[in-house]
Amino acid sequence: MRSEAQASTTAGLFGPSSVSWRVNREAVLLLGGPRALLLQLAHPLVAAGVAEHSDFERRPLQRLRRTLELTLGIVFGDEAEARRCAARVHAAHQRVHGTLREATRLLPAGTPYSALDPELLLWVHATLVDTTFQVYQRFVRRLTSAHRNRLYAESRRTAELFGIPPDRVPSDLGAFRRYCRGMIAGPELEVTAQAKRLADAVLHPPIPGVPRVLGDLGGVITLGLLPAPIRRRYGLPWAARHRHGFRLAQGLVRRALPLLPDRLRLFPAARRAEQRTRESGATSAALHRA
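Small disclaimer: the values here were computed from a predicted structure and weren't measured. (Residues numbered from 1 in each chain as written. Predicted model: local features only at pLDDT ≥ 70, side-chain atom pairs only at ≥ 80, totals over all residues. Heavy atoms only, no water.)

Student: Please explain the environment of A80 as it appears in this structure.
Tutor: The topology assignment puts A80 in helix α6 (residues 79-94). Classification of A80 as partly exposed rests on a relative accessible area of 42%. Placed 67 residues apart in sequence, A80 and L13 show a C-alpha to C-alpha distance of 9.4 Å. (Helix = DSSP H or I, 4+ residues; strand = E, 2+ residues; numbered from the N terminus. Buried < 20%, exposed > 50% of the residue type's maximum accessible area, 1.4 Å probe, protein only.)

Written as structure tokens, this is what we have:
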């Protein structure tokens, strides 16, 4: 019989009784990837780092896939895997630094940036957390107030692993929402010409073999998930046909999800984690399906 400490190590940083496992196992969260990317790129220093230190414009989905793999490794991996994934994130960020080439309203040309800057790390982390809330509640089901608060509290552990000082992370869900609203309404976010070029790669990625209509549907979902001020700053449309398309997609997904088997509905990392904890004898509260 494994000890309680061994079971905890096997379960990872969160474990099967956590809200993080319940929410992040849903593969439908992929729908929010482009939203998170566009929010991140709306910060001029993030956009500069992405443009100058990656092949994002040619392969935006690969960046999204890498981010997803590392995030799922942290949430669903055992403790050792979670820390390895966090170390990989840190190592990648160490290589990303430079100076802003063109001035923005707030930042002069030559402003230095670093992917290890706690403020930039916090914004990137916040876009992922906020997007998780948005997609799960729009396409899966509403979370109770208690579960929303628990999910946010658990996300602070991820923030710490990403190297964000605890005193920089909003202390609770209310403070986190105020932070996000302040960023979206404030001067720090400015959609530069560089960001718009990168956004075009996000909204119209080259996907061999995928019909254009499916790409357009994904674009409508991204438009519907974006905060209106950010949508306007990118100059993206939001006409009646877009609103209708978003509501239609939302309804279709919500009706289809309960009909899907786990092998299609859940991320493989989540299925492996649940199997691993069952085999280890770790006990937990049951995970309720929507």
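Student: Looking at this structure, how should I read the confidence of the model for the chain?
Tutor: Caution is warranted with low-pLDDT regions, since their predicted coordinates should not be read in detail. Mean pLDDT over the chain stands at 89; residues scoring 70 or higher make up 89%. Here helix α1 (residues 4-11) stands out as the element of the chain with the lowest mean pLDDT, 54, in contrast to helix α9 (residues 173-185), whose mean of 98 is the highest. For the stretch residues 1-7, pLDDT sits under 50, and the model shows three contacts to residues farther than four places along the chain or on other chains. Under a pLDDT of 50 for its full length, residues 282-290 has, in the predicted model, 24 contacts with residues more than four places off or in other chains. (pLDDT = per-residue confidence, 0-100. Contact = heavy atoms within 4.5 Å.)

Student: Quick question: what am I supposed to make of the environment of R181 here?
Tutor: Note that R181 resides in helix α9. Separated by 46 residues in sequence, R181 and P227 have C-alpha atoms that sit 9.6 Å apart.

Student: Can you help me understand the pattern of salt bridges in this one?
Tutor: Opposite charge on two side chains makes pairing possible when the charged atoms of those side chains draw close. Throughout the structure, instances matching the rule amount to nine salt bridges. One salt bridge connects E119 with R168, and the closest N-O pair in it is separated by 2.6 Å. Residue E119 is found in helix α7 (residues 118-139), and its partner R168 is found in the loop between α8 (145-161) and α9; the two are separated by 49 residues along the sequence. E119 sits in the partly exposed class, given a relative accessible area of 38%. (Salt bridge = Lys/Arg side-chain N within 4 Å of Asp/Glu carboxyl O.)

Student: Quick question: what am I supposed to make of the side chain of T222 here?
Tutor: Considering the arrangement of structural elements, one finds T222 in helix α11 (residues 212-225). Residue classification places T222 among the buried positions, given a relative accessible area of 2%. If near-sequence neighbours (up to four positions away) are discounted, T222 is found in contact with P34, R35, L38 and L203.

Student: Could you clarify how one ought to interpret the packing of helix α5 (residues 60-76) against α6 in this entry?
Tutor: Pairs of packed helices are described in terms of their axes, by the angle between the two and the distance that separates them. Where α5 contacts α6, the axes come no closer than 7 Å and their chain directions differ by 145°. Judged by the sense of rotation from one axis to the other, the crossing of α5 with α6 is left-handed. Contacts between α5 and α6 involve L70, G73 and I74 on the former and, on the latter, E81, A82, C85, A86, R88 and V89. Looking at the contact of α5 with α6 residue by residue, the class counts come to six nonpolar, one polar and two charged. (Axes fitted to C-alpha atoms, helices over the stretch in contact; angles between N-to-C directions. Left-handed = near helix turned anticlockwise from the far one by under 90°. Nonpolar A, V, L, I, M, F, W, Y, C, P; charged D, E, K, R; others polar.)

Student: I'm lost on α8 in this one. Help?
Tutor: One turn of the α-helix equals 3.6 residues, which is why residues spaced by three or four share an orientation. Here α8 spans 25 Å end to end across 17 residues, near enough to the 24 Å set by a 1.5 Å rise per residue. Along α8, the positions that sit buried rather than exposed are H147, R148, L151, Y152, E154, S155, T158, A159 and L161. Where α8 is buried, its residues meet α2 (19-24), α5, α6, α7 and α9. Looking at the residues trailing α8, positive phi occurs at G163, about 95°. (Expected span 1.5 Å × (residues − 1).)

Student: Before we go on, may I ask you to explain the side chain of E154 in this structure?
Tutor: Along the polypeptide, E154 turns up in helix α8. Of the polar contacts made by the side chain of E154, one reaches the backbone nitrogen of V19; its length is 3.3 Å. Ignoring any residue separated from it by four or fewer positions in sequence, one finds E154 in contact with F14, S18, V19 and S20. (Polar contact = N/O pair within 3.5 Å; in protein donor to acceptor, adjacent residues only side chain to side chain.)

Student: I keep staring at the environment of A153 and nothing clicks. Help me out?
Tutor: The topology assignment puts A153 in helix α8. Taking C-alpha positions, A153 is 9.8 Å from P170, a pair spaced 17 residues apart along the chain.

Student: Help me understand the packing of aromatic side chains, please; the structure alone is not making it clear to me.
Tutor: Remark: the centre distance and the inter-plane angle together describe each pair of aromatic rings, the angle taken between the planes. Counting across every chain of the model gives five aromatic pairs. Measuring from centroid to centroid gives 6.3 Å for W123 and Y179, while their planes differ by 65°, and the two rings are edge-to-face. Of this pair, W123 sits in helix α7 while Y179 sits in helix α9, and the two are 56 residues apart along the sequence. Assessed through its relative accessible area of 2%, W123 is described here as buried. Residues F139 and F246 carry aromatic rings whose centres are separated by 6.0 Å and whose planes lie at 85° to one another, so their mutual orientation is edge-to-face. Here the residue F139 occupies a position in helix α7, and F246 occupies one in helix α13 (residues 240-256), the gap between them amounting to 107 residues. Feature note: the residues F139, W238 and F246 constitute an aromatic cluster, connected by ring pairs. (Phe/Tyr/Trp six-rings, centres within 6.5 Å; stacked < 30°, edge-to-face > 60°.)

Student: I tried to follow the nonpolar core on my own but got confused; where do I start?
Tutor: In summary, soluble globular proteins display a tendency toward joint burial of nonpolar side chains. If you look at the biggest cluster of nonpolar residues, it comprises 79 residues, and the most contacted ones within it are L41, F76, W123 and Y234. Sort the elements by how many residues they give to this core and α7 lands first, with 10 residues. (Core = buried A, V, L, I, M, F, W, Y, C linked by side-chain atoms within 4.5 Å.)

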